[in-house]
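# Summary of structural features
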Amino acid sequence: MESMISITIKILPPFTPNSKSIEKVFYFEKSPSIIDLLIEASNNGILKLDSVIDSGEIKNGVVLLVNGKTVFDVKQKLNKGDRVVVMPLVPGG
């Protein structure tokens, strides 16, 4: 797996199937987009995709972070070692 691209995803409730935070590393042959990673997480049963994405767009109330920075484009490419977090918007101050 030396030439594989590793991407870590952390998913927080309510987007997990079991109401617990899940963190997993996925390996890809080429740089995936965020949507590729989300689909892979969904196919592995750790993400409720329809609660995060609608018609190819991030749903309201969902925050996607890549290396700690908010992203809005699910087509954005990821690089080896990137860390993606899927979490609910938590208003407050």
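Let me begin by describing the structure that accompanies this report. Every chain is numbered independently, its residues counted from 1 as its sequence is written. Two thresholds apply to this predicted model, a pLDDT of at least 70 for residue-level local features and 80 or more for giving and counting side-chain atom pairs, whereas whole-chain, interface and lining totals are computed over all residues. Excluding hydrogens and water, the side-chain figures rest on all heavy atoms present in the structure.

## So, the overall build of the chain
- Only DSSP runs of H or I with at least four residues qualify as helices, and only runs of E with at least two residues qualify as strands; both kinds are numbered from the N terminus onward. The helix and strand inventory of the chain stands at one helix and seven strands.
- Going residue by residue from the N terminus, the α and β elements of the chain occur as β-β-α-β-β-β-β-β.
- At 13 Å, the chain has a C-alpha radius of gyration in line with the 12 Å of a compact globule built from 93 residues.
- With the C-alpha coordinates aligned to their principal axes, the bounding extent of the chain is approximately 40 × 30 × 25 Å.
- Only protein chains enter the area calculation, which uses a 1.4 Å probe; residues under 20% of their type maximum are buried, those over 50% are exposed, and those in between are partly exposed. Here the chain holds 93 residues, and the buried ones make up 37% of them.
- Long-range contacts, defined as pairs at least 24 residues apart, comprise 54% of the intrachain contacts of the chain with a sequence gap of at least 6.
- Residue exposure ignores everything except the shown protein chains as possible cover, and the areas themselves are Shrake-Rupley values with a 1.4 Å probe. Looking at the chain as shown, the accessible area adds up to about 5,700 Å², and 50% of this sits on carbon and sulfur atoms.
- Within the chain, one finds 11 positive and 10 negative side-chain charges whose respective centroids are separated by 5 Å. Radius of gyration: C-alpha atoms only; globule rule: 2.2 Å multiplied by the number of residues to the exponent 0.38. By definition in these notes, contact holds between two residues if any of their heavy atoms fall within 4.5 Å. In this tally Asp and Glu are treated as negative and Lys and Arg as positive; neither His nor the chain ends contributes. Throughout, a charge is located at the NZ atom of Lys, the CZ atom of Arg, the CG atom of Asp or the CD atom of Glu.

## Some thoughts on the sheet that holds strand 6 (residues 69-71)
- Sheet architecture is open: five strands sit in the order 2-1-7-5-6, paired in mixed fashion. Edge strands, defined here as strands with exactly one partner in the open sheet, are strand 2 (22-28) and strand 6. On average, adjacent strands in this sheet sit at an angle of 30° to one another, irrespective of strand direction.
- A strand pair is defined by DSSP finding two or more bridges across the two strands. The sheet contact formed by strand 5 (residues 62-66) and strand 6 spans three bridges and is antiparallel. Paired with L65 across the strands is T70, a residue of strand 6. In this analysis, axes come from line fits to C-alpha atoms, helices being fitted only over the stretch in contact, and the angle between any two N-to-C directions falls in the range 0 to 180 degrees.

## Observations concerning the nonpolar core
- Nonpolar core, defined: a set of buried Ala, Val, Leu, Ile, Met, Phe, Trp, Tyr and Cys residues in which side-chain atoms within 4.5 Å join the residues together. In this structure, I9, I11, L37, L38, V52, L64 and V86 are the most contacted members of the largest nonpolar core, which totals 26 residues.
- At the level of secondary structure, the elements contributing two or more residues to this core comprise strand 1 (5-11), strand 2, helix 1 (34-43), strand 5 and strand 7 (83-88).
- Looking at which element gives the most residues to this core, the answer is helix 1, with five residues.

## What about the pattern of salt bridges?
- The term salt bridge refers to a side-chain nitrogen of Lys or Arg lying within 4 Å of a carboxyl oxygen of Asp or Glu. Scanning all chains against the criterion turns up one salt bridge.
- A salt bridge links R83 to E23; the nearest nitrogen and oxygen atoms lie 2.7 Å apart. With a gap of 60 residues between them, R83 in strand 7 and E23 in strand 2 connect regions that are remote in the sequence.
- Judged by its relative accessible area of 46%, E23 is partly exposed.

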